[in-house]
Amino acid sequence: MSDKNRQPWDLGRFIKTLSYFEVFPLLNWVQNLFQGSSQDTQSKLVGAKQVGVILVAGATGGVGKRVVRRLNQLGYRVRCLVRDIEKARLILGNEVEMVVGDITNPETLTPLVMANIQGVICCTAVRVQPKEGDTADRAKYNQGIKFYMPEIVGDTPENVEYKGVKNLVEAAAKYLPKASVKTIFDFTQHQENLKNVWGALDDVVMGGVSQSNIILTGETALFTGNVSTDNSGGFASVRTKNFDPAINLSGYEGVKLRVKGDGKRYKLFLRSDSAWDGVGYSHSFDTVDGAWIDIRVPFADLIPVFRAKVVRDRPPVNIAQIRSFQLMLSKFEYDGNLNPYFSPGSFSLEVETIKAYGGSPLPGFVLVSSAGVTRPGRPGINLEEEPPAVRLNDQLGGILTWKLKGEDSVRASGVNYTIIRPCALTEEVGGKQLVFEQGDNIRGKISRDDVAEICVQALQYDKACNVTFEVKATEDKADYIDWQQLFASVQRDN
Ligand SMILES: NC(=O)c1ccc[n+]([C@@H]2O[C@H](COP(=O)([O-])OP(=O)(O)OC[C@H]3O[C@@H](n4cnc5c(N)ncnc54)[C@H](OP(=O)(O)O)[C@@H]3O)[C@@H](O)[C@H]2O)c1
């Protein structure tokens, strides 16, 4: 085509595109100054947030509130199951997502509570307090070292520690993802946060006139538009902004997309560096007109590409650090070859989900239980030496006996779990060296900070899957903890 036949190029759309993807920080800064939007008010696109919600039961408790804080620091999407929302706001603040529910009442463990969960951390407990009473902030219960004669107030251990835990794990089991699959984008759910994640990136950046858009219908993401080869163009795409921190897909084999297309061939790109115009890792896939199909893209099959040219001798995509995703319809395949199913004009690709598949199973349900659960009634036990909960198990409504039954219900539920049995809980600072044991014989103490850290770490390690262990802390500070090794040091339950 001669220059005089060129279509007018849309400078405005070009600037809009670069500005959406924050390519020119100065431009964005000026725009924000006038329009008062964007970065100040927006949260960062945190990678961990893309992989489902972590539901925390007992979030208002001593361990629970620390779990929530830690998950937030690590960028997880957190949902707190609370009984009293006013009280919970005072403890957890206004920023945290909350749902009202009571584990002793299965009817309150609704689909809304469980929607899109990736994991559950359960730190609920019956209320134990000194018989002589406690301060408003439960200082006597919480300190965990000085002995006060305890009693149970409110609901029974049978209801909370056994039936409640059983209700929760059974409700969650229906929603926890299949062990080896991790949802990255679920467009079947209306998610406000997705609106500012995906944006159009068409050949306007190279002078072309193709136009596309992504429409989040609440049921799918519809990538649609008009692709034109005028002005030497020929591609339309939608891309995510960069995730920071990146999405970690280590341990997975690839990603799978559930799509309904129009018979055309599209490309998926993953990027592991944050450069705007850097190397992308691409895979072409064919769609079937009007039919929902699953596309599997093994990471090993991704081709490193720079502007549609294959980059030789490039290391494979760094799956521990996925920064962005892109879907594209292009006239070209690679190295100048044409896309055999390309035709200019309108197109439509609907996507329901993008998931990582083939991963090693990770724990989906983490239960904070207690050291001593198997000791009441155990032959040869010297009660004098045992912690109060073991000595006073009967007076405390069989608290440890019911906790063990609660554990059993988790082990029998079919979910991948981690059961943590801490020794006496304290309010001391965490970060101590930890001792993991099995056989239920240890005595000692551990800070709630450290228990919360173990809960959160457990979610990330396949070696933490289907294990039950006791834990106490030493007096020594831990400069570094090799969590994989620590979890691997305990035997899996049968
Ligand atoms: N204290 C120790 O020395 C010790 C030792 C070993 C193990 N543990 C275990 O460690 C875990 C954490 O202890 P902690 O000191 O953090 O407990 P905590 O401060 O007493 O917190 C208990 C949490 O459970 C919630 N909860 C109680 N019943 C519930 C129900 N029916 N439905 C939903 N939530 C309910 C409470 O919510 P509300 O705010 O609504 O009451 C609270 O958030 C417990 O399992 C405990 O038994 C404790």
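Keep in mind the model is a prediction, meaning the values are calculated, not measured.

Turning our attention to the confidence of the model for the protein chain. Averaged over all residues, the pLDDT of the protein chain equals 91, while 93% of them reach at least 70. Overall, residues 35-43 carries pLDDT values under 50, and its contacts beyond four positions in sequence, including any with other chains, amount to 9 contacts.

Turning our eyes to something else, we now look at the UniProt feature "domain: NAD(P)-binding" (unreviewed entry) in the protein chain. According to UniProt, the positions carrying the feature "domain: NAD(P)-binding" (unreviewed entry) are residues 58-172 and 364-460. Secondary structure over residues 58-172 splits into 39% helix and 21% strand, and the C-alpha atoms at its two ends are 15 Å apart. Between the first and last C-alpha atoms of residues 364-460 the distance is 10 Å; the span itself is 29% helix and 23% strand.

Another aspect to go through is the packing of helix H3 (residues 62-73) against helix H10 (residues 448-458). The description of two helices packed together rests on the angle between their axes and the distance between the axes. Axis separation between H3 and H10 bottoms out at 8 Å; the angle between their running directions is 55°. As judged from the angle between their axes, H3 and H10 are oblique. Judged by the sense of rotation from one axis to the other, the crossing of H3 with H10 is right-handed. Contacts from Gly62, Val63, Arg66, Val67, Arg70 and Leu71 of H3 reach H10 at Arg448, Asp449, Val451, Ala452, Glu453, Cys455 and Val456. Per-class residue counts for the contact of H3 with H10 are 7 nonpolar, 1 polar and 5 charged.

Entries for the protein chain in the domain assignment read domain 1 (3-41 + 184-357) and domain 2 (47-179 + 363-427 + 434-458 + 467-473). Between domain 1 and domain 2, the contact holds 11 residues from the first and 5 residues from the second. For the pair domain 1 and domain 2, the summed buried surface comes to about 680 Å²; carbon and sulfur atoms form 45% of the total. At the boundary of domain 1 and domain 2, one finds 0 salt bridges. Linking domain 1 with domain 2 are 0 residue pairs in polar contact (both at pLDDT 80 or more). Here the side of domain 1 that touches domain 2 is composed, by residue class, of 7 nonpolar, 2 polar and 2 charged.

Among the structural elements, Ser346 can be located in strand S19 (residues 345-357). On the accessibility criterion, Ser346 (55% relative accessible area) is exposed. As a C-alpha pair, Ser346 and Asp273 span 73 residues in sequence and 31 Å in three-dimensional space. Once residues lying within four places of it in the same chain are set aside, the contact partners of Ser346 are Gly225, Asn226 and Lys264.

Before going further, it helps to spend a moment on the packing of helix H7 (residues 157-173) against helix H9 (residues 399-411). At a minimum axis separation of 8 Å, H7 and H9 run at an interaxial angle of 10°. Between H7 and H9, the interaxial angle falls into the category roughly parallel. Contacts from Pro157, Glu158, Glu161, Tyr162, Val165, Lys166 and Val169 in H7 reach Ile399, Trp402, Lys403, Lys405, Gly406, Ser409 and Val410 in H9. Here the contact of H7 with H9 is composed, by residue class, of 7 nonpolar, 2 polar and 5 charged.

For the structure shown, the criterion picks out 15 aromatic pairs. Consider the rings of Phe223 and Tyr266, whose centres lie 6.2 Å apart with planes at 65°: the pair is edge-to-face. Of this pair, Phe223 sits in strand S10 (residues 221-227) while Tyr266 is found in strand S13 (residues 265-271), placing the two residues 43 residues apart along the sequence. For the pair Phe223 and Tyr266, a shared accessibility class is recorded, and that class is buried. Taken together, the ring pairs in this structure connect Phe185, Phe187, Trp198, Phe243 and Phe325 into an aromatic cluster. Over the face of the ring belonging to Tyr357 we find Arg296, whose NZ or CZ atom lies 4.3 Å from the ring centre. A cation over an aromatic ring shows up here: Arg391 above the ring of Phe147, its NZ or CZ 5.4 Å from the ring centre.

In the vicinity of the ligand there are 25 residues, among which Thr60, Val63, Lys87, Asp102 and Tyr141 approach most closely. Arg138 is positioned such that a nitrogen or oxygen atom in its side chain is 3.0 Å from an oxygen atom of the ligand. Relative to its free-state accessible area of 920 Å², the ligand is covered by the protein chains to the extent of 89%. Of all the secondary-structure elements, those providing two or more residues to the shell around the ligand are H3 and strand S22 (424-426). Among the residues making up the shell around the ligand, the classes are represented as 11 nonpolar, 8 polar and 6 charged.

In this section: unusual backbone geometry. Positive phi, normally seen in glycine, also occurs at Asn116, with a value near 60°. Its relative accessible area of 22% is what places Asn116 among the partly exposed residues. A positive phi angle, near 60°, is found at Ser232, a position not held by glycine. Within the secondary structure layout, Ser232 lies in the loop between S10 and strand S11 (235-240). What makes Ser232 exposed here is its relative accessible area of 72%.

Looking now at a nonpolar patch on the surface. A cluster of nonpolar residues, Trp9, Leu11 and Ile15, forms a patch on the protein surface that exposes about 270 Å² of accessible area. Tracing the sequence through the fold places Trp9 in the segment before helix H1 (11-20). Residue Trp9 is classed as partly exposed on the basis of its relative accessible area of 37%.

A separate point is H10. Every α-helix carries 3.6 residues per turn, so stepping three or four residues along brings you back to the same face. Judged by how many residues are buried, H10 sits mostly within the fold: 10 of 11 residues are covered. Among the residues of H10, those classed as buried are Arg448, Asp450, Val451, Ala452, Glu453, Ile454, Cys455, Val456, Gln457 and Ala458. Capping of H10 at its N-terminal end is provided by Ser447; its side-chain oxygen lies 3.1 Å from the backbone amide nitrogen of Asp449.

The rules we used
- Residues numbered from 1 in each chain as written.
- Predicted model: local features only at pLDDT ≥ 70, side-chain atom pairs only at ≥ 80, totals over all residues.
- Heavy atoms only, no water.
- pLDDT = per-residue confidence, 0-100.
- Contact = heavy atoms within 4.5 Å.
- UniProt positions renumbered as here; feature names shortened; annotations may be inferred.
- Helix = DSSP H or I, 4+ residues; strand = E, 2+ residues; numbered from the N terminus.
- Axes fitted to C-alpha atoms, helices over the stretch in contact; angles between N-to-C directions.
- Parallel < 35°, antiparallel > 145°, perpendicular 65-115°, else oblique.
- Left-handed = near helix turned anticlockwise from the far one by under 90°.
- Nonpolar A, V, L, I, M, F, W, Y, C, P; charged D, E, K, R; others polar.
- Domains from an automatic or database assignment.
- Buried area = accessible area lost by both parts, 1.4 Å probe.
- Salt bridge = Lys/Arg side-chain N within 4 Å of Asp/Glu carboxyl O.
- Polar contact = N/O pair within 3.5 Å; in protein donor to acceptor, adjacent residues only side chain to side chain.
- Buried < 20%, exposed > 50% of the residue type's maximum accessible area, 1.4 Å probe, protein only.
- Phe/Tyr/Trp six-rings, centres within 6.5 Å; stacked < 30°, edge-to-face > 60°.
- Lys NZ or Arg CZ within 6 Å of the ring centre and 35° of its normal.
- Near = heavy atom within 4 Å.
- Areas by Shrake-Rupley, 256 points an atom, 1.4 Å probe, with all protein chains shown as cover.
- Patch = residues over 30% accessible without salt bridge, like charges linked within 9 Å, V, L, I, M, F, W, Y side chains within 5 Å.

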